[in-house]
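In case you want the letters, here they are:
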Amino acid sequence: MDEHWNAFRSHKRGGLHPNEPPLPLWMIKSLQLTKSSSLISTFSLQFALFLIAHIFIVTGSFFSRLFLIILSTNILPSHHSDESHYEKTCHIDVHRLPKARAASMLVLFLIQCLPDLLALIQSLHRLLTDNKSGGRIRMTLIFFESCRSSGLLLLYLYVFPTLDSFRALFALTAVQFLPMFQSMVSVMARSFNDSFPLARRLSILLSSIPHFIITMVIASSAYIWSIGGKEFDRYLILPLALLLFSLGFWEAWITPNHAGSYFHHLYQIKYGIRKVNSPTRITLSLIRISIGLFIFSHAASSTIDLKPDLFRKVLTSWSFSYSHTRILLLGLGVLLLNYSLRVCTRLLAAMSLHLPSLLHPLTISIPLSLLASHLMCNVFTLCSLGKTLAKIGITYRLVAPFPSLQSSSSFSCVAWHPSSHLFSDVYIALLWLIVSIYRSYSLVSPPDFDKSDEVIESMPAISNGLAIDQSLVVFEHSLAKNDSSLDDEDDPWMEVNVNDPLRIRSDELDKVSTLYVCATMWHETKTEMTQMFKSLLKLDEERAVCENKKRKGDIQFRLEVHIFFDDAWEDQSECGRTPNQFFRLFFDLISEMTEKELSSMSENEEEGGAPTRMLVNTSYGGRLVVRLPAGTLMFVHLKDKKLIRHKKRWSQVMYMYYLLGHRIMDSHMSIEDRQLAADNTYILAIDGDSKFEPEAVLRLLHLMQMKSDIGCACGRIHPIGNGVMVWYQKFEYAIAHWFQKAAEHVLGCVLCAPGCFSLFRASALMDDNIMHKYTKTAQEPRHFVQYDQGEDRWLSTLMLKQGYRIEYVAASDAETYAPEGFEEFFNQRRRWTPSSVANTVDLLADYKRALANNNSMSFLYILYQFIVIGFSMLGPGIIFSMLVFAQVAAFGVDSTSMMMYNAIPILLYISTCFIMESSVQLFFAKILSIVYAFVMLAVLVATTSQIIMESESSHPTVPRLTYRIPGVLAPTSLFIVTMVGIFAGAALLHPQECSNIVHGTVFFLLIPSTYVFLSLYSLINLNVINWGTREAVAKAMGKAPEASASERWIRRMANSSIGKIILPSLQCESDPHVEALERRLEMMDRKMNEMNKEKKKEEVNAFDRLRSLSTFDESLHSKENEVKEISSARRQESTKDSMTQRGVNRLQWMDAEYLQVCERGRLKASEERFWDQLIDTYLKPCINRLQPQEYTVDGDIDKLLPHRNNIAFAIILLNGLLVLAIFLIQRNKEILSFQWTLTDTVGGLTHVKMNPMTGKYEETDEPLEVDPLGMGIIVFLSTILIVQTVGMIIHRVTTLFGAFQELNAMQEACSNAPSKKDDDDLLLEAARSMVDTSNYSLSHGGDGFTRSTGDTNNVLYKLQRARLTQRLQRGAVEEPL
């Protein structure tokens, strides 16, 4: 029979072609007021950011524009006159040197063409690394963008040098010529419509007259100065440049009416429906750069004194005293400013914040520049500004717009004297300005949309540095669901047959996602169960609210809860195998917390409704099905370790194959429907003690629906509990999420999705080499560490190598109980640390495949991970060396003595870990941790005192021009101060978690314990692969642990006559099995006594009872017989033929008194068959396989010991060599270190150094002695810290944007009266073009449901093709028979 559920594969392959608001009400109110840009919201954070960003964008574009105009008007030689008011007042004589003028021309060229060069490099990289980055070359876009670049370069390099700044700014307003001409033609074309009556056609023709007049007035800019200004000789270049510039500004005249026309592709690019593909971008960049080089070289050659050799000297001769160097640096600053303006505008759009249309740079930058030009020429002389410009060899050539405002002697601010015409050209230019402001205002004004529209936001795809205001426009467009623009008829990578009857259309599908909450439980306490179940009840209630109210913007989803109870059965003499006390505790908790709701639902059940609680017998044990108060079904799967494999990884395999294999693959849906179901099914993995709010789940779900390349999203985990170790973990978790996880999220992908709170996409888990490979059993020694010790990390590694992205959502908070005891904490990290290192090494070893498959990873990210794993390997040696020399610097002790004092306990602990049991190791580690905590406290106090003493010390003989390094900047204390400052800054960036910084003191005191002793404990105990202590695992397996040689020797000493007096606590404990047998015999004894009294028979001889007890004790300690009996019993219980307990005996557990409130049910035949096949294939109990505890016994069967010895020896040797090298270099610093003399241009720099003769800190100008190895370690750690800090800042910014976007969903929680603004705030955000996708149709729909694109390379299609191939192969083999 063909098993659809088992269609998943593992093989090597190449690349992958809220009811309650989460914030306080006052905070929501404060943030929501910013939506109306009201003055009341001045104190709101969002309004402050919006105000700062708006001021930055407007002023930045203004300075960029004015700076470029000033540079352009300084290309020609100086035009100097002493008659102007400005020159008489300031007396500034400016000589425009040829190099300064050449630098001005070169800066203008670079500002326009350098972005094209960077885009060319980026597009080439994408084309070479991404198979889907290709496409057709769009010549229409290339033509118009080339026209714009040509027009701008002609204006700035040819025309503007002959004009003054005022006339140059007026010339830029003529860019609106083509839109006005288009408007005139469209109006005139309507007058030729024969369907209109003659009177209407005449009225339309008359209405076109104003358009005609305005168009002609704007066209006058091409010739007015040729008539009025005799000195103007660019009368041919000016109209050509204006025409090209106006034609190139195609965003001003392309409208939605062009959809489906010849300019359809331009319409798609403008409104973000399609991105510019790499071939088009490469071709466009090459053409624009070539045109720019041609215009630049021709403009330079047309100037007499600007020779090619002059430009070479400008680029090669650098000095801050040169004017051309300062001009080049200013040009670089403008380039960075233009890039920052683009980024800032994009970020505002991502926060749904839009610049006011009247204050947009496109509308206001030219008027502001004109106003500034007038003020600088006639009102304020600004001699200081003129002197500053004169230092770099440029000046501003300005004109007063109104002659009445200036004296007759002030006309030398102009390029030429005005002619004696009836009116000045300024009056005509004012009309150009008015039209330009009106057209720009109309262009940047957002249109009105209906609340059900799917709105896209986009920015111009091509950046133009010489017209940066045109690159800052955000276009909005409403895209209908059935818009033809979504078709991919011109994309060679997406060939879809529109007439295919199997093609799934978006409007034919059920668009509700499915969310499975899967919890793995073992032996949790009532408190842990309570907080997990409360979270499930809240999520159930939230689902019902979203389903019933159906508010716009709420995520609609189906919900189903599955809880997998490990080791949930025990043996009872009366009933056989029955659920244990932990399940009964959970059952009582369910009844207690849902008593009222279940009672009301039970009444409905009596009236014929669905049952609320049902018991089902299964192949793996049993199942409890509970209907939660809001209607969600909760399945509690009771796993019997004698019937199915236990532990968390195998529980995950159970729900993956059950929910994805049986529910989806075994369904009767078509392959297309199954693919859509897989794309819109999500699994939320939690632990039995997880606590979360519904909003945290909805954030993860919203992110997964927004970005289709994400395979998993994880939240922020907060440890809870009591005790010192919990305090340590609170700070550790905080800095791990603030720095490490944030940096991984920004630079590449998160490496580990915690199993206590992570959301997985079903289609990602079903892909090759993930779900099927996750069922692989450990065969090699390293597999036991990688697979079984950290299953969450291994699953994450499989997803990353397959090409899926894992993201971190800081706003999705969850809590889980952390280990409170020292031993429990060490044993947990003993599992986590080797697994984390093993999976990271596995990922880095296969980095080529990861880079080929995963677009989110880069070589720099892999290099960063290499540095991090290097620190993990050498961490004990680095921390030990820093600890030793910190004590030397703080206490002034000889380094040799301090090295010996610290090395002795470390070596003793290493020997203890190799020889003694884990309990002795942990006890020794606890003692050493306490001792070193006091040492760290003493180092902290001494270092603080040293900083204070160095800061307060002074020397009277220090020269005046000599500067002393403050004590806080001394090498000894700089590292600690920097770390404290970074952690404090990170805490301020996380205000809701700022209290965790208090626990940093505990973290500092336990650095030796966790970075040295814990690392050694984890390393040397690699052969221990159980989850806790060996005694706990042995007890859970029903087998007494075997004592080591040292433990047996100690117990023999304790059982001696002297040991019973001295060491009574170490005497052998009684066997629990013997104690249970004794209690049972005592009960039988009492019953027999009662029977003997009734029947008057003799009592049973006590000697016979003792003899039977001794016989049982001997059989109990016979290991071989016990293993054989257990193995044979498990084989009998696991075979289907001998499972009589599945009959009458297996139903006896339902007869328990507390379960009588439940109905009884049975599985469908198909599901029973599925579970039988799954258990036989992957989940048979480990009988023939070595049990985990057997790997901790000394003997030939222990395969992990050689693996442990090799790795432990290598890492301990490397750390020992590192410590020895650092020690020897420090001892011979005078020879092996290099000297660093602290000098500057003003004088010498001094530092404070302890005088060994006096014991005081004194100032000295001696060179600092820096050893290369120590400096390398500092650079090593600083690199990690800087990268993580930058990643944290970027991640906090993105998190802040996400918080602002959530204001739309919070609107109804704070406002009772609906308004049109409420409707505007409910606009769909899922279709933002800011999502990085090459085509809008490849992203998700506005309702969060994935659109079908007909891509036959999806997961289900691949599995279907593989199954068909296997069938054909089997048929080919069987046909000859």
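Heads up: the structure comes first, above all this text.
Residues numbered from 1 in each chain as written. Predicted model: local features only at pLDDT ≥ 70, side-chain atom pairs only at ≥ 80, totals over all residues. Heavy atoms only, no water.

1. Remarks on the overall build of the protein chain
Just so we agree on the cut-off: Think of it this way: any DSSP run of H or I at least four residues long counts as a helix, any run of E at least two long counts as a strand, and we number them from the N terminus. Residue exposure (1.4 Å probe, protein chains only): buried if accessible area is under 20% of the type maximum, exposed if over 50%, otherwise partly exposed. Note that accessible areas follow from Shrake-Rupley with a 1.4 Å probe, and for residues the cover is restricted to the protein chains shown.
In terms of regular secondary structure, the protein chain is built from 48 helices and 20 strands. A buried classification covers 51% of the 1377 residues belonging to the protein chain. Carbon and sulfur atoms make up 61% of the accessible area of the protein chain, which totals about 64,800 Å².

2. Comments concerning the packing of helix 24 (residues 724-747) against helix 30 (residues 859-891)
Filter applied, for reference: Every angle, taken between N-to-C directions, lies between 0 and 180 degrees, and every axis is a line fitted to C-alpha atoms, over only the stretch in contact when it is a helix. Here the angle decides the label: under 35 degrees means roughly parallel, over 145 means roughly antiparallel, 65 to 115 means roughly perpendicular, and every other value means oblique. The contact rule is simple, with two residues in contact once any of their heavy atoms fall within 4.5 Å. Three classes are used: nonpolar for Ala, Val, Leu, Ile, Met, Phe, Trp, Tyr, Cys and Pro, charged for Asp, Glu, Lys and Arg, and polar for all others, with Gly counted as polar.
Two numbers describe how helix 24 lies on helix 30: the axes approach to 10 Å, and their chain directions differ by 155°. By the angle between their directions, the pair helix 24 and helix 30 is classed as roughly antiparallel. Contact residues: helix 24 offers A743, E744 and L747, while helix 30 offers Y861, Y864 and Q865. Across the contact of helix 24 with helix 30, the residue classes break down as 4 nonpolar, 1 polar and 1 charged.

3. Details of unusual backbone geometry
A positive phi angle is found at D567, which is not glycine, with a value near 50°. With respect to the helices and strands, the residue D567 is situated in the loop between strand 4 (557-565) and strand 5 (569-572). A relative accessible area of 10% places D567 in the buried class. Residue N769 is not a glycine yet carries a positive backbone phi of 65°. Along the chain, N769 falls in the loop between helix 25 (762-765) and helix 26 (781-788).

4. A few points about the pattern of salt bridges
For clarity, the threshold we go by: Just to be clear on terms, a salt bridge is a Lys or Arg side-chain nitrogen sitting within 4 Å of an Asp or Glu carboxyl oxygen.
This model, assessed by the stated rule, comprises 32 salt bridges. With a shortest N-O distance of 2.7 Å, R148 and E145 are connected by a salt bridge. With R148 and E145 both in helix 5 (residues 139-159) and 3 residues apart, this pair spans about one turn of that helix. Given a relative accessible area of 1%, R148 falls into the buried group. Three or more residues are tied together by salt bridges with common partners; here these are D116, E145, R148, E251, R281 and R288.

5. A look at the packing of aromatic side chains
The condition is simple: Here a pair means two rings of Phe, Tyr or Trp (six-membered ring of Trp) with centres within 6.5 Å. Their orientation is stacked below 30 degrees between planes, edge-to-face above 60, and tilted elsewhere. Two conditions define a charge sitting above a ring: the NZ of Lys or the CZ of Arg must be within 6 Å of the ring centre, and it must be within 35 degrees of the ring normal.
One pass over the full model with this rule turns up 39 aromatic pairs. Arranged with centres 5.7 Å apart and planes meeting at 65°, the rings of F739 and F983 form a pair that is edge-to-face. Of this pair, F739 sits in helix 24 while F983 is found in helix 33 (residues 971-989), placing the two residues 244 residues apart along the sequence. Aromatic ring contacts, followed pair by pair, group Y728, F731, F739, F822, F825, F826, F983, F1003, Y1011 and Y1017 into a single cluster. The side chain of R649 reaches across the aromatic face of Y774, ending 5.9 Å from its centre.

6. A look at the sheet that holds strand 3 (residues 513-521)
To be explicit about the condition: Strand pairing requires that DSSP identify at least two bridges connecting the strands.
Ordered in space as 11-14-12-13-10-3-4-9-8-7-16, the 11 strands form an open sheet in which the pairing is mixed. Across the chains shown, the open sheet's two edge strands, defined by having one partner strand only, are strand 11 (691-692) and strand 16 (1159-1161). Pairing analysis gives 10 bridges linking strand 12 (residues 710-720) to strand 14 (residues 805-817), with the strands arranged parallel. Its bridge partner lying in strand 14, H718 is registered against E815. Across the sheet, helix 24 touches strand 12 and strand 14, and the angle it forms with strand 12 is around 155°.

7. Quick notes on the packing of helix 7 (residues 177-190) against helix 10 (residues 237-248)
Contact pair helix 7 / helix 10: the axes reach a minimum separation of 7 Å and the direction vectors enclose 70°. As far as their axial angle goes, helix 10 and helix 7 are roughly perpendicular. For the pair formed by helix 7 and helix 10, the contact residues are F177, L178 and P179 on the first element and L243, S246 and L247 on the second. Classifying every residue of the contact of helix 7 with helix 10 gives 5 nonpolar, 1 polar and no charged.

8. Points about the side chain of N902
For N902, the location among the structural elements is in helix 31 (residues 895-915). Overall, N902 belongs to the buried group, its relative accessible area being 3%. Those residues in contact with N902, other than ones at most four positions away along the chain, are F880, L883, V884, Q887 and Y932.

9. A closer look at a nonpolar patch on the surface
This is how it is decided: Exposure above 30% relative accessible area and the absence of a salt bridge qualify a residue for a patch, where like charges join within 9 Å and nonpolar side chains (Val, Leu, Ile, Met, Phe, Trp, Tyr) within 5 Å.
The grouping of Y339, V343, L347, L989, I1289 and V1293 at the surface amounts to a nonpolar patch, some 490 Å² of accessible area in total. Mapped onto the nonpolar patch, the elements with two or more residues apiece are helix 14 (323-350) and helix 45 (1268-1301). Of note, L989 is situated in helix 33. Overall, the relative accessible area of 37% leaves L989 in the partly exposed class.

10. Quick notes on helix 30
Convention followed: Expected span, for any helix, means 1.5 Å times one less than how many residues it has. What the bend at a residue measures is the angle between two axes, fitted to the seven residues ending there and to the seven starting there.
Helix length check: helix 30 (33 residues) gives 44 Å between terminal C-alpha atoms against 48 Å at 1.5 Å per residue, within 8%. Maximal helix bending in helix 30 amounts to about 65°, located at L874; proline P876 follows within four positions. Phi for G892, located one or two positions after helix 30, is positive at around 70°.

11. Points about the pairing of strand 7 (residues 613-618)
Successive side chains on a regular strand alternate, one facing one side of the sheet and the next facing the other. In terms of residue burial, strand 7 counts as a mostly covered element, since 5 of its 6 residues are buried. Examined bridge by bridge, strand 7 and strand 8 (residues 621-627) share 6 bridges and lie antiparallel to one another. Within the sheet, the bridge partner assigned to N617 lies in strand 8 and is G622. Hairpin connection between strand 7 and strand 8: a loop of 2 residues separates the two successive antiparallel strands. Pairing geometry for strand 7 and strand 16, over 3 bridges, is parallel. The residue bridging M614 from the neighbouring strand is E1159, located in strand 16.

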